[in-house]
Every structure is written in structure tokens, then in C-alpha cells.
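Residue-level listing of the chains:
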2 protein chains.
Amino acid sequence: MAKKNNEATPEGAPARGDWRHYEPIQLSPILTHALEAFYEHGFHGTTVRDIARRVGVTVPALYYHHENKEAVLVALLETATNDVIWRASAAAEEGGDGPRTRLANVIEAVVLHMTHRVRLAALDSELRYLQPDNRRHYAATRKKLEKLLDEIIEDGVRRGVFAVTLPAETARALLGMCQAIATWYHDGGPLRPEEIAERYVDIALTTVGARGLPARSDLEHPGGASSIG
Amino acid sequence: MAKKNNEATPEGAPARGDWRHYEPIQLSPILTHALEAFYEHGFHGTTVRDIARRVGVTVPALYYHHENKEAVLVALLETATNDVIWRASAAAEEGGDGPRTRLANVIEAVVLHMTHRVRLAALDSELRYLQPDNRRHYAATRKKLEKLLDEIIEDGVRRGVFAVTLPAETARALLGMCQAIATWYHDGGPLRPEEIAERYVDIALTTVGARGLPARSDLEHPGGASSIG
């Protein structure tokens, strides 16, 4: 799985700030057409034959590249998960040591992913049809995102920047709030991804009890902050 | 559609407080088995033949009751939507004139629906495969729930009980947060529906900037409150 240079993985081009930058996603023709088909008709509503027809290849040619339809879905989920994880991680890192900026950045990154990559993000609802092994793998990967948010929130609470009684539940709720965007967002809607992201950052900061102070503020470092790793 | 006494509709048994009460949902055998099949394999992953086999009837017998597979999904979505709408409306009404209690009640009602009725709630992700007419119908019905939340939040902001800059977006975000529960909740998980509801009420009250005061408080009626309908 290493050294693919045509996917938006961490090995791709994750220079600082790049997490805000979106190009049309680089996928093989098979994955590109499969993604469109799954978006329109769902995983179960799409046959291998449908995908092959869209690509303009034979079914055996498709099987040469992917073991079966589930393997196609897995490849797309892999791309989706890698995309959101590297962007969210880069966004958190760019936020430095400040919980407020880190949280704002991560929410922005997740919302930008949910909108700019809405077709990939919408695959989420197909997760439960995966075979148990594959499902567990993605559940674990997605858990990373929840854990990243949870750690930022707990850090903010420890440092008195956030007022949250249930950090883990709040992390999950915030993520759910962002993931639900993929159920209503569509290209060409009234709001651009950046506008939606700005609003969700505002809502998220209120949710952790941190609103009213500028999101990217240095005020949030009270003293030496020696307790945080 | 009037006078069905075997569905959880407003005509059913919506006495005060009943919105917190859940019995096994009353569905015809066809709808019961279709719901299980859709939950396990998705709408597109289920054939009319699968449903007939589960019920133990012939395919023509099934077509006698439902025009096609989409009509079965529509009947289930109708039940799901009616269930959550009447419960949320009753919960809001029971909250009287207080935005905080009304919001807490509605969030509690929606979360209880998402958990106690997780199979119905999970049908949400099948909505986008409906024919345009049916899709528009459900989008409009679900919009009612968003509007209910939005009105409560705007009322709270007007009365100085909530601190929210984006009421409509916050309503949608809170609803998304609750709807996402259906993607991870399963019967027999570590938390009971009532415990999850309690936590989400807490998070929602923080999100509207209303936490710190008791959820069911009379403190939230400052003076005569003449401006609210």
C-alpha cells in the first residue's frame, strides 16, 4: 500500500496549510466511476457490471484491478479516510499549542472534507454493509478522528479554556454534526464549503463553551502550560 | 390515512408525557420484516422476493399490499417521520413557554427516537434513493423538525436565554448531531437511550449557550414575556 502517488494520502503533498486546499481528487478511472455510481444508487444499487460499463471496460478487466465490489468500496473508503485524517491532523498541528485554534482548525478541516469531498464522505452510510473485518478496520480509523477531537477538548478543559462536562460525548456529537453535512450538502447549493465551515467552527466553539473570544487567539495560553504533552 | 390505530401516529395515544414512552413499534408483518431486511442489507440490497420470503408470503401477495419496494420504504419512512414529529411536538408543548425546557425536551425526544427506533431512524440514509416526488415530501416533513428547533432557539435568543449567533445553522447542526446517533447506536450497547438523551441534552444546552442553569427551570421567564406566540 506504500508509495502510491496518485492518491490524496499523507505521502501526497501535505505541506503546511495544504489541508485547506482542494483539487479534484485523483482516482483511477474505475474508482472515479464507481464513486459516481455509489453516490447515485448506493453500494447495493450498483453492480460490478454497471461500473465496468461506465468505465468502458469489460467485467474481467475490472476484476483484474479489484477483487470484487466490496474491494472497490474499500479502496474508496481508504481514500476518504486518509483524506480526512491527514487534513484534520495537519489542521490540529498547525493550531500549535492552543486548544481553541486546534479545535477551530480541525472542525474547519472536517467540514471542508465533508463538502469538497461530499461523494467520498457520503460513502459513510455504506460502512455498515462491509464485511466485519473491513468494518472494524474503518471503525478504528474513524475512531482516530474522534480521539483527536476528544484530546483537544480535554486539553482545553484542563487549561480552563473550554467548559465541557462530557468531553468524549461532545467530541462524538461534534463529529456527528459535521458528518451529517454529507446528507444535505450538494454542489451548487447556496453556501460555499468555506462559509459552511466558518459557521460550524462558530457552533463548535459555542458547544465547548469557548465562544466570545477570537478563535485564533493567543489569549488562550495562560502562563507556562507545563502540563500538556 | 386517518384512523389507523396500529401506528405510532398523532392519532395514536399522544397523551401528555407519552412522548417518552416506547413500546415495540406496531407494524404489519410485511413492514416488520422489510425493516429488518433494510437495516441489515440496505434498501438496494433487499429484493421484494427477500421480503416475501422473510414474511412467508408469495411475491404477488406482497404486491397486493404495496405497489413496489419503494412503496414499502415510503410506508416505513412515513411511520418513522410521524413518530419523531409527534414526539418532538409533544415534547415541545410540554415544555410550555420556556425555551430552555422546550429545547431540552425536543432534544430528549429526538435522541430517544434515534435510539429506541434505531432501525427506523437508520432509514434516513436511504432517503436519497427515493424518487424525486417522494424525496421532496420527506425533505419537507423533516424540515418541520428543523423549524421547530429553529423557532425555539430564536425565541430563546430574543428573550436573552440563549446566546446563539446562527439559530438556523445551530438547529440544523443539533439535528445532525442527533441523527448521527443512528449510525453508531446499537441495541445492547454500553449506554441506555435515556442516558444518551441526557448527555445530548447537556451538549445541546451548551451549544445554545444556556448551560449552567437547570434545564427545567422557571428562572427562564424574565417578566411578562409578551412577545412570544
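Rules and cut-offs
Residues numbered from 1 in each chain as written. Chains lettered and ligands numbered in written order. Predicted model: local features only at pLDDT ≥ 70, side-chain atom pairs only at ≥ 80, totals over all residues. Heavy atoms only, no water. Contact = heavy atoms within 4.5 Å. Buried area = accessible area lost by both parts, 1.4 Å probe. Salt bridge = Lys/Arg side-chain N within 4 Å of Asp/Glu carboxyl O. Polar contact = N/O pair within 3.5 Å; in protein donor to acceptor, adjacent residues only side chain to side chain. Helix = DSSP H or I, 4+ residues; strand = E, 2+ residues; numbered from the N terminus. Nonpolar A, V, L, I, M, F, W, Y, C, P; charged D, E, K, R; others polar. Buried < 20%, exposed > 50% of the residue type's maximum accessible area, 1.4 Å probe, protein only. pLDDT = per-residue confidence, 0-100. Least-squares fit on C-alpha atoms with pLDDT ≥ 70 in both. Expected span 1.5 Å × (residues − 1).

Draft legend 1. Quick look at the interface of chain B and chain A. Counting from both sides, the interface comprises 33 residues of chain B and, opposite them, 33 residues of chain A. Buried area between chain B and chain A, both sides added, is near 2,600 Å², and the carbon and sulfur share of it is 55%. Counting across the chain B and chain A interface gives two salt bridges. Taking the shortest distance from any N to any O, the salt bridge between Glu-169 of chain B and Arg-199 of chain A comes out at 2.2 Å. Where chain B meets chain A, there are seven residue pairs in polar contact (both at pLDDT 80 or more). Listed by contribution, the elements that provide at least two residues to the side of chain B that touches chain A are helix 1 (29-41), helix 8 (167-179) and helix 10 (193-207) of chain B. The residue makeup of the side of chain B that touches chain A, split by class, is 14 nonpolar, 11 polar and eight charged.

Draft legend 2. Region of interest: the pattern of salt bridges. Residue and element names in this part refer to chain B. A complete count under the given rule lists 38 salt bridges over all chains for this structure. In this structure, Asp-187 and Arg-119 form a salt bridge, with 3.1 Å as the shortest nitrogen-oxygen distance. Placement of Asp-187 in the loop between helix 9 (181-184) and helix 10 and of Arg-119 in helix 6 (residues 118-121) is noted, with a sequence separation of 68 residues between them. Using a relative accessible area of 46% as the deciding quantity, one classes Asp-187 as partly exposed. A relative accessible area of 25% places Arg-119 in the partly exposed class. Notably, a salt bridge pairs Asp-155 with Arg-159, separated by 3.1 Å at the nearest N-O pair. Comparing Asp-155 with Arg-159, the two get one shared label, buried.

Draft legend 3. Inspection of the confidence of the model for chain A at higher detail. Residue and element names in this part refer to chain A. Per-chain confidence: chain A averages 85 in pLDDT, with 84% of residues scoring 70 or above. Per-element confidence in chain A ranges from a low mean pLDDT of 89 for helix 9 (residues 181-184) to a high of 97 for helix 5 (residues 99-116). Contacts from residues 1-14, a stretch scored under 50 in pLDDT, to residues over four places away or in other chains number 15 contacts. Overall fold confidence (pTM) sits at 0.81, and the ipTM for the predicted complex is 0.75.

Draft legend 4. Quick look at the relation of the copies chain B and chain A. Between chain B and chain A, the superposition needs a rotation of 180 degrees and an axial shift of 0.0 Å, giving an RMSD of 0.0 Å. Expressed as a symmetry operation, the mapping of one chain copy onto the other fits a two-fold axis. A share of 100% of the interface residues of chain B reappears at the interface of chain A, consistent with the copies meeting face to face through the same patch.

Draft legend 5. How the structure looks around helix 5 of chain A. For helix 5 of chain A, with 18 residues, the first-to-last C-alpha span of 25 Å sits near the 26 Å given by 1.5 Å per residue. Counting buried residues in helix 5 of chain A gives 16 out of 18 residues, a clear majority hidden from the surface.

Draft legend 6. How the structure looks around the environment of His-186 of chain A. Residue and element names in this part refer to chain A. As for its position among the elements, His-186 is in the loop between helix 9 and helix 10 (193-207). Look at His-186 and you get partly exposed, because its relative accessible area is 46%. Separated by 70 residues in sequence, His-186 and His-116 have C-alpha atoms that sit 9.4 Å apart.

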